[in-house]
Every structure is written in C-alpha cells, then in structure tokens.
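A look at the structure
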Amino acid sequence: ALLPFADEDEYFSRTRLAVEHSEAAASDTRRPGAQAGEEEEGLDKLRMHFDMEWPLGTLLFTPDIMRKYNELFSFLLRVKRAKTELQQAWLQTQSGRYGRAISSTLKKGSSSTKHMVSMWALRAEMAFLVNNLLYYLQCDVLDTQFQALKEVVDSSDDFETIRVAHAKYVDRILLDCLTYNKLTWTTVNTLLRIALKYARRMCQSEEVEKGLIQDVRSKKVMQLSETASPVARAYLGFPININGEVTVVTDYTADRWVSVYKPLTASVSGDLNSSPEDLVGMKYSISAPAVTPEELAETRHRFQRNASLLFSVLKTSQTHTTPVLSQLLLRMDYNQFFERTSQQRALSVRKDI
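Report on the accompanying structure.

**Some details on the overall build of the protein chain**
Within the protein chain one finds 10 helices and 9 strands. Split into buried and exposed, the 353 residues of the protein chain put 41% on the buried side. When contacts within the protein chain are restricted to residue pairs at least 6 apart in sequence, those whose partners lie at least 24 apart make up 72%. When the accessible surface of the protein chain is split by element, carbon and sulfur atoms take 54% of a total near 19300 Å².

The structure is reproduced here in structure tokens:
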C-alpha cells in the first residue's frame, strides 16, 4: 500500500496470490451487497498468501490474522477496480477528440445528447464517492495506522508487545475500513457493485442503424439510406462508423442528411486523395449507448439512495466508532448535499405520515 512498485519490496517474493474455489471459502467470503443469484466475479475470489518462517508465520501471521488481511485485501481491490473502471469509462466516452465531438452537439439540445450528458453526470457522481473513499482508506486509515504500528515496533524489544500491537493494528484498520458495521459494510459494497456495473455498461454500445451512403455534399455532409430515422436530430452525438473510420454525428436532419465531426479520408477504392463522391455506396453503421434512459434512471436512483444511506449511517455512528470517519464525511459532504437531501427526505416522509 505504501510502495509504488512491488519489486521495491524485499518481501514481495514471499507473497502469493491464488483463486480459491472451495465451497467453504465461497460461502465465508461471499461478496457483500450481491443480489441473490448474482455470480461472484473472479477477482472477488482472489486471496493473498504470505510465506513466513517460524516463529513469525506461526505466532504473528496466524490464520485468523491472514483471514482479516484477506478481507481487507479483497475490499481494497474492489474499490480500486471501481475507480479504474470509472476512469476507463471516462476515457472511452468523454476524453480526447471523441469527447470534444460530443460536446460540440450539446447546445442543440437533442434527447440523445441530453441522455449522454446525464450518463456523464452519474459517472462523475460515482467517481467522486469512490475516489474519496479510496483516499480515505489509503491515507487516513492505512498510512496513519501503519506509522503508529511502526513507532511501536521501532521502540520495543519485546515480541509480545509487538504481537499485541500488530493484532490491534489489524483490528483498527478493519474498524476504520467500515467492515465491522454490517449495514455500512453492505451499503459500501452495494455502491461499489453498482459503480462497477454501470462503468462497464457505459463502455458498451448497440448498433441502431446501418446501410449505404446515398449521396454526399462534402466529406463531412452525406445522406444516409432510406432505413435511417426520419426524426431530426435522432442520432445526434452518436458514433458513426463509415468503412472502418469512426467519427461522431454532429447534425442530423429529417431527410436523412448527416454531418460528422471531422472530414472522412476513406474511399471505396482506398485512395487517400479521393473526392467526396467516392463516399457514395460506402457502408456505415451508427451505434447508441447500451445504457437506456430507463436503465440510467434506475441506476441513478439506486446509487443515490445507497449513497444517502451510507452518509446517514456514518454520520450517526461516527461518535460511537472512530473519529477518523469525520474526514470521510467532510469529503463526501463538503457542500452539504447529502445533509440537505437527508433533511428533504425526512420532511417528505413526515408529510406522507
């Protein structure tokens, strides 16, 4: 957790990673927040083994201690995966030329671009929570507690003192990592599961139209086949693949004339110095986000509901568990969004009563 590269750690060669397939291991380590009938991912079964000679392997790194380390390892890996998947979703849908192309269509206010903006906004919400959770775990919990343990080890010559300090260290980080509160633990893992699934769905697309180009005005303006939608702005902001060259639809009219973000360079003959007329007869396909408006609304509702629940539980329990939770609460609710949301929901419940 402290070194940027594993090969800088002299004890890394003692560490082994293995996927446990036993039914006992699966039942003991079932992923929290998983719905009934949902299959566990392969990485959720990944376990860490540490080879250590006697007496440390028997007296310090006991089976119970290693079980707790594996619980923490699996949780941290899940948080890191959620962060990585959300970053990948941003790279594929918002970054670079593709993101600028879609952004150029936002002022036209079509339903398709509004849908994509809503997708981006939800991804940003998820990334905000996951990034702050990961920072809290790495800096406020692991780094702080490790330094405290290191001070005890450096100042003590008694093995029993070190053993007790190490056991307390493991219990403390598990407490601060929210694993001991069942409701908090389940809610956090539900949020991570929602974020992982949504990030992967964002990177998927479905073909909604394909055919041959009927006519052209330039290398950026062309008419699609008669099977295309007669609704103006129907494909605005969607990626279009023309003979293997991908760009973005920046305008679309009811008579099927489409404008793309950048001039096309391909031609049927493969000549790079081709004229616009060479685009006639080319195959094209238009893809739409796999996330439907209904799925987006459902995902947003579930994520925001669980995020508000997490904030409420943490705020209620911080005085009874550990003061370091105040750091996480401050980052989560720096603008008092969750505080206002909780109050509004409480008022709505009272009105219904």
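So, next bit.
**Side note on the pattern of salt bridges**
Counting across every chain of the model gives 9 salt bridges. In this structure, aspartate 171 and lysine 68 form a salt bridge, with 2.7 Å as the shortest nitrogen-oxygen distance. Here aspartate 171, found in helix 6 (residues 159-176), pairs with lysine 68, found in helix 3 (residues 63-93); they are 103 residues apart in sequence, far enough to count as distant. For aspartate 171, a relative accessible area of 29% puts it in the partly exposed group. Between arginine 201 and glutamate 295 there is a salt bridge, with its nearest N and O atoms 2.8 Å apart. Of this pair, arginine 201 sits in helix 7 (residues 182-202) while glutamate 295 sits in helix 8 (residues 293-317); the two residues are 94 residues apart in sequence, bridging distant segments of the chain. Of the residues examined, arginine 201 reaches a relative accessible area of 21% and is grouped as partly exposed. Exposure remark for glutamate 295: the relative accessible area of 23% places this residue in the partly exposed category.

**Digging into a nonpolar patch on the surface**
On the surface, a nonpolar cluster with roughly 220 Å² of combined accessible area is contributed by Leu56, Leu59 and Phe159. Considering the arrangement of structural elements, one finds leucine 56 in helix 2 (residues 56-60). Overall, the relative accessible area of 31% leaves leucine 56 in the partly exposed class.

**Examining the sheet that holds strand 3 (residues 205-212)**
On the basis of which strands lie adjacent, the open sheet formed by 7 strands has the order 3-9-6-7-8-5-4 and antiparallel pairing. Whereas interior strands pair on both sides, the edge strands pair on one side only; in this sheet they are strand 3 and strand 4 (215-216). Direction of pairing for strand 6 (residues 239-242) relative to strand 7 (residues 245-252): antiparallel, over a ladder of 4 bridges. The partner of isoleucine 240 across the bridge, within strand 7, is threonine 247.

**Regarding the packing of aromatic side chains**
Describing an aromatic ring pair means giving the distance of the ring centres and the angle of the ring planes. On inspection of all chains with the given rule, the structure shows 2 aromatic pairs. Directly above the ring of tryptophan 257 sits arginine 217, whose terminal nitrogen or CZ lies 3.8 Å from the centroid.

**Some words on unusual backbone geometry**
Of note, arginine 233 is a non-glycine position whose phi angle comes to about 65 degrees, a positive value. When you line up the elements, arginine 233 lands in the loop between strand 5 (221-223) and strand 6. One non-glycine residue, arginine 256, adopts positive backbone phi at about 75 degrees. By the secondary structure assignment, arginine 256 is in the loop between strand 7 and strand 8 (257-260).

**Considering the packing of helix 3 against helix 7**
Where helix 3 contacts helix 7, the two axes come as close as 8 Å, and the packing angle between them is 30 degrees. By the angle between their axes, helix 3 is roughly parallel relative to helix 7. Considering the relative orientation of helix 3 and helix 7, their crossing is left-handed. Along its contact with helix 3, which presents Glu71, Phe75, Arg78, Val79, Arg81, Ala82, Glu85, Leu86, Ala89 and Thr93, the element helix 7 presents Trp185, Val188, Asn189, Leu192, Ala195, Leu196, Ala199, Arg200 and Met202. Looking at the contact of helix 3 with helix 7 residue by residue, the classes come out as 12 nonpolar, 2 polar and 5 charged.

Parameters and conventions
- Residues numbered from 1 in each chain as written.
- Predicted model: local features only at pLDDT ≥ 70, side-chain atom pairs only at ≥ 80, totals over all residues.
- Heavy atoms only, no water.
- Helix = DSSP H or I, 4+ residues; strand = E, 2+ residues; numbered from the N terminus.
- Buried < 20%, exposed > 50% of the residue type's maximum accessible area, 1.4 Å probe, protein only.
- Contact = heavy atoms within 4.5 Å.
- Areas by Shrake-Rupley, 256 points an atom, 1.4 Å probe, with all protein chains shown as cover.
- Salt bridge = Lys/Arg side-chain N within 4 Å of Asp/Glu carboxyl O.
- Patch = residues over 30% accessible without salt bridge, like charges linked within 9 Å, V, L, I, M, F, W, Y side chains within 5 Å.
- Pairing = 2+ DSSP bridges.
- Phe/Tyr/Trp six-rings, centres within 6.5 Å; stacked < 30°, edge-to-face > 60°.
- Lys NZ or Arg CZ within 6 Å of the ring centre and 35° of its normal.
- Axes fitted to C-alpha atoms, helices over the stretch in contact; angles between N-to-C directions.
- Parallel < 35°, antiparallel > 145°, perpendicular 65-115°, else oblique.
- Left-handed = near helix turned anticlockwise from the far one by under 90°.
- Nonpolar A, V, L, I, M, F, W, Y, C, P; charged D, E, K, R; others polar.

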